[in-house]
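Residue-level structural notes
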Amino acid sequence: MKIKKGLQAEVEITDLAYGGRGLVRLDGMAVFVDQTVPGDRAIIRIFRKKKNYAEARVIDLIQSSSFRINAPCAYSGFCGGCKWQFLKYEQQLAYKRQHVIDSLEHIGRFKNVTVHDTIPSERIFAYRNKMEFSCSDRRWLLPHEMESADADKGFALGLHVPGTFHKVIDIRECLLQPDLGNQLMDAVRNFIRSSDKPVYGLRSHIGFWRFLVIRHSVADNQWMVNLVTAEDDRKAVQPLADRLRDRYSGVVSVINNITSRKAGVAVGEIEHTLAGSDMISDKIAGFGFKISANSFFQTNTRGAALLFKIVEKYAMLTGAETVLDLYSGTGTIPILLSEHCKSVTGIEIIESAVADAEKNCRENAISNCRFIKGDIRKCLSQITERPDVLIIDPPRAGMHKDVVKQVLELGAERMVYVSCNPATLARDVQMMQESYRLEEVQPVDMFPHTYHVEAVAKLAKI
């Protein structure tokens, strides 16, 4: 069988690849099929052919896998927010663990590493404390709407079609956020539609209303609404802020970020507090954190508490250790470890994150944490004393090879690597295997209904 674009074939999906797509082999070639799971029998059509693999879509699902369930969300299969709602949750957890194992074996060349069962999320819906919705002057129609001549195409407030920047689905309810978040989204939608200000065009880059960002405090049940606009016009946004504060007692903060940049990033160059406070507060493991409109905070608060418990367990602190935390962000890990060690030093390149970390330490009356602002490649040389424990929590891209080299030179006795990408976890740990032994890995599900998985690795100096 010659594998080419346009080819149709009846197949049975045999595996699930990292990235959430079903996998089948045709004539020895890997074919990735979106919206499928192992056990599905389907007629597929190849729409992209590369040298070593192909991509296909389902034309007809002939027989459903026993792993399938009916997705409760009306946008499942179309929205890029989450792709696995049709997959049984216990199976999601199993595949996430397998993705970690596969990465360690195929990329890191590790055999027989202890990878524990994935720790489930306490909630699998309404678990996100932050949702970001895009405004668009054109709504992307769902398949059942495309044949309707009356379908309204002129406005959308919602989430993107996967892999696109300009296709926005008008989301009426997102199951990943608590219900009040959906009420707030609907109130903002209604106001924008009646506003004299135009909605932003994602192709033309003309318009006023750009993003809606909703944040929720799990501990205090507080809500922040961040209205992101292309221009600074307080008269246009203040009535919406007043309406939200009047109607919803849980809304304690309404912010206006203004950005003139074309990039689809919901962060402004200017920020105004329109109503209430400029921050909300939340807690992880009893510690309080102040959260501003643009500060980083783990999006699954309950899941973060579980994740950081594993970090604490693997760090094996007795109270006498010095700890170095690379990529320390807003100081969450240093603060959570502070009461179990002698001192913690964090290194972080983003200035606002360091400011938030220092503020969070003051809020929690913590005096044994300090933070260095700068590029880790340049700042590690400032660490003159060898740390007892090293915590590494890098971005998806993992560590730069220069950082790996300096980490090895530090020679900490124990290391805890927190990863949001199994591939870069495997790559980085493989580069350190002559000096450090990978003892065990604990996957943690922070993002139900997506293929993403956090993994905490415990390493010991050889």
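Residues numbered from 1 in each chain as written. Predicted model: local features only at pLDDT ≥ 70, side-chain atom pairs only at ≥ 80, totals over all residues. Heavy atoms only, no water.

**A few points about the overall build of the protein chain**
Across its full length, the protein chain carries 9 helices and 23 strands. Relative to a compact globule of 462 residues, whose C-alpha radius of gyration would be 23 Å, the protein chain shows 24 Å and is just as compact. Across the 462 residues of the protein chain, 55% fall into the buried class. Across the protein chain, contacts joining residues at least 24 apart in sequence account for 63% of those joining residues at least 6 apart. Here the protein chain has roughly 20800 Å² of accessible surface; of this, 47% comes from carbon and sulfur atoms. The protein chain carries 61 positive and 56 negative side-chain charges, and their two centres are separated by 5 Å. (Helix = DSSP H or I, 4+ residues; strand = E, 2+ residues; numbered from the N terminus. Rg over C-alpha atoms; globule rule 2.2 N^0.38 Å. Buried < 20%, exposed > 50% of the residue type's maximum accessible area, 1.4 Å probe, protein only. Contact = heavy atoms within 4.5 Å. Areas by Shrake-Rupley, 256 points an atom, 1.4 Å probe, with all protein chains shown as cover. Lys, Arg positive; Asp, Glu negative; His and termini not counted. Charge placed at Lys NZ, Arg CZ, Asp CG, Glu CD.)

**What to know about the pairing of strand β13 (residues 251–258)**
Burial runs high along β13: 7 of the 8 residues are buried. Here strand β12 (residues 223–229) pairs with β13 via 7 bridges, running parallel. Paired with Leu 227 across the two strands is Asn 256, which belongs to β13. Where the polypeptide runs from β12 across helix α3 (residues 234–247) and back to β13, its parallel neighbour, the crossover connection is right-handed. In this sheet, strand β14 (residues 270–276) lies alongside β13 in antiparallel orientation, the contact comprising 6 bridges. (Pairing = 2+ DSSP bridges. Right-handed = clockwise from strand over helix to strand, strands pointing away.)

**As for the sheet that holds strand β4 (residues 29–33)**
Pairing within the open sheet is mixed, and its 6 strands lie in the order β1-β5-β6-β4-β3-β2. A strand with exactly one partner marks an edge of an open sheet, and here the two such strands are β1 (8–12) and β2 (15–16).

**Some thoughts on the pattern of salt bridges**
Overall, the coordinates contain 22 salt bridges when judged by the stated rule. Between Arg 68 and Asp 40 there is a salt bridge, with its nearest N and O atoms 3.0 Å apart. Of this pair, Arg 68 sits in the loop between β6 (53–63) and α1 (89–106) while Asp 40 is found in the loop between β4 and β5 (41–49), placing the two residues 28 residues apart along the sequence. For Asp 40, a relative accessible area of 0% translates into the label buried. (Salt bridge = Lys/Arg side-chain N within 4 Å of Asp/Glu carboxyl O.)

**Points about the nonpolar core**
Counting residues in each nonpolar core, the largest one holds 79 residues, and the members touching the most others are Phe 133, Leu 212, Leu 227 and Ile 391. Take this core: its biggest share by element is 7 residues, from helix α4 (residues 301–315). With near-sequence residues (within four places) excluded, Phe 133 lies in contact with Leu 157, Gly 158, Leu 159, Cys 174, Gln 177, Met 185, Arg 210, Phe 211, Leu 212 and Ile 214. With 35 residues, the next largest nonpolar core counts Leu 380, Val 403, Val 429 and Ala 455 among its residues. (Core = buried A, V, L, I, M, F, W, Y, C linked by side-chain atoms within 4.5 Å.)

**Things to note about the packing of α1 against helix α9 (residues 422–431)**
At a minimum axis distance of 8 Å, the contact between α1 and α9 shows a crossing angle of 35°. Taken as a pair, α1 and α9 cross one another with a handedness that is right-handed. Contacts from His 99, Val 100, Ser 103 and Leu 104 in α1 reach Pro 422, Ala 423 and Ala 426 in α9. Looking at side-chain class alone, the contact of α1 with α9 contains 5 nonpolar, 2 polar and no charged residues. (Axes fitted to C-alpha atoms, helices over the stretch in contact; angles between N-to-C directions. Left-handed = near helix turned anticlockwise from the far one by under 90°. Nonpolar A, V, L, I, M, F, W, Y, C, P; charged D, E, K, R; others polar.)

**Some words on the environment of Glu 348**
Here Glu 348 is to be found in strand β18 (residues 343–348). Residue classification places Glu 348 among the buried positions, given a relative accessible area of 10%. Taking C-alpha positions, Glu 348 is 8.9 Å from Asp 325, a pair spaced 23 residues apart along the chain. Beyond its immediate chain neighbours, meaning those up to four positions away, Glu 348 contacts Tyr 327, Ser 328, Gly 329, Ala 353, Val 354, Ile 372, Lys 373 and Gly 374.

**Here we look at unusual backbone geometry**
Even without glycine at this site, His 205 takes up a positive phi of about 60°. Its location among the elements puts His 205 in the loop between α2 (179–194) and β11 (209–216). Look at His 205 and you get partly exposed, because its relative accessible area is 31%. One non-glycine residue, Asn 221, lies in positive phi territory at about 55°. Counting through the fold element by element, Asn 221 comes out in the loop between β11 and β12. A residue is classified by how much of its surface remains accessible, and Asn 221, at 49% relative accessible area, is partly exposed.

**Regarding the sheet that holds β12**
Strands sit in the order β10-β9-β8-β11-β12-β13-β14 across an open sheet of 7 strands; the sheet is mixed. Both outer strands of the open sheet, β10 (168–170) and β14, are each paired with one neighbouring strand and no more. Averaged over all pairs of adjacent strands, the angle between their axes in this sheet comes to 30°, without regard to strand direction. Contacting β8 (130–136), β9 (156–160), β10, β11, β12 and β13, α2 runs over the sheet at an angle of about 160° to β11. Sheet contacts for α3: β11, β12, β13 and β14; angle to β14, the most-contacted strand, approximately 35°.

**A few points about the packing of aromatic side chains**
In this structure the tally under the stated criterion is 6 aromatic pairs. Between Tyr 18 and Tyr 451, the aromatic rings sit 5.3 Å apart at their centres with planes inclined by 85°, giving edge-to-face as the arrangement. Pair noted here: Tyr 18 is in the loop between β2 and β3 (22–26) and Tyr 451 is in the loop between β22 (436–444) and β23 (454–461), with a separation of 433 residues, a long-range link. Classification of Tyr 451 as partly exposed rests on a relative accessible area of 22%. Measuring from ring centre to ring centre gives 5.8 Å for Phe 32 and Tyr 53, while their planes differ by 70°; the resulting arrangement is edge-to-face. With Phe 32 in strand β4 and Tyr 53 in strand β6, this pair connects stretches of sequence that are 21 residues apart. Pairwise contacts between aromatic rings join Phe 191, Phe 208 and Trp 209 into one cluster. Its end group placed over the ring of Phe 47, Arg 57 keeps NZ or CZ at 3.9 Å from the ring centre. The residue whose ring lies beneath Lys 197 is Phe 208, and the NZ or CZ to ring-centre distance is 5.1 Å. (Phe/Tyr/Trp six-rings, centres within 6.5 Å; stacked < 30°, edge-to-face > 60°. Lys NZ or Arg CZ within 6 Å of the ring centre and 35° of its normal.)

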